[in-house]
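Residue-level listing of the chains:
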Amino acid sequence: TPVITVTALTSFGNVCINNTGGPNSFTINGTDLTNAAIAVGPLNGFSFSTTAGGTYTASLNLTQPGGVFSQQIFVKFSPTLVQSYDGNIAVAGGGATSINVPVTGAGVNSTATVVTGAASS
């Protein structure tokens, strides 16, 4: 029976809106897979790549040969609104049952503050 498992994805915490947090990553592991592609995402506010410095897209379609498969997935978080972006990144394909990777992050818009010290000679 084809099976996909994933490792945990670290929380992104609070990220200022219109900025990008990460990349954080998780790993997809598969056994007894068919040669059907594995899809990752989409999830609003998050983008994905197979390399840390690579091109990030709203979703991935991973070609794989079947059998045993392992791939690290890098995730960036780019909030555009002040809200929680908690959700699940869908991972499906290879003949296995779809699974979700839980992810948390929040868009914030904090007022900038200035800290001053005493003047010195």
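First things first, this report covers the structure right here in the doc. Just so you know, these numbers come straight off a predicted model, no measurement behind them.

As for unusual backbone geometry
The omega angle of the peptide bond from glycine 22 to proline 23 is 20 degrees, so this bond is cis rather than trans. Structurally, proline 23 is set in strand S3 (residues 21-33). A cis amide bond links glycine 41 with the next residue in sequence, proline 42, at an omega value of 0 degrees. A positive phi angle is found at asparagine 18, which is not glycine, with a value near 65 degrees. Among the secondary structure elements, asparagine 18 is positioned in the loop between strand S2 (14-16) and S3.

With respect to the nonpolar core
Ranked by size, the top nonpolar core spans 24 residues in total, and within it Phe26, Ile28, Val40, Phe46, Ile73, Val75 and Ile89 carry the most contacts. When contributions to this core are tallied by element, the ones reaching two or more residues are S3, strand S4 (38-40), strand S5 (46-49), strand S6 (60-62), strand S7 (67-77), strand S8 (87-93) and strand S9 (96-103). Per-element accounting of this core gives the leading share, four residues, to S7.

Quick notes on the sheet that holds S9
Pairing within the open sheet is antiparallel, and its four strands lie in the order S6-S4-S8-S9. Each of the sheet's edge strands pairs with one partner strand only, and the pair in question is S6 and S9. Taking each pair of neighbouring strands and ignoring which way they run, the sheet shows an average axis angle of 20 degrees. In this sheet, S9 lies alongside S8 in antiparallel orientation, the contact comprising six bridges. Paired with alanine 90 across the bridge in S9 is asparagine 100.

Calculation rules
Residues numbered from 1 in each chain as written. Predicted model: local features only at pLDDT ≥ 70, side-chain atom pairs only at ≥ 80, totals over all residues. Heavy atoms only, no water. Helix = DSSP H or I, 4+ residues; strand = E, 2+ residues; numbered from the N terminus. Core = buried A, V, L, I, M, F, W, Y, C linked by side-chain atoms within 4.5 Å. Buried < 20%, exposed > 50% of the residue type's maximum accessible area, 1.4 Å probe, protein only. Pairing = 2+ DSSP bridges. Axes fitted to C-alpha atoms, helices over the stretch in contact; angles between N-to-C directions.

Read these as layout, nothing more, since geometry by itself doesn't imply function.
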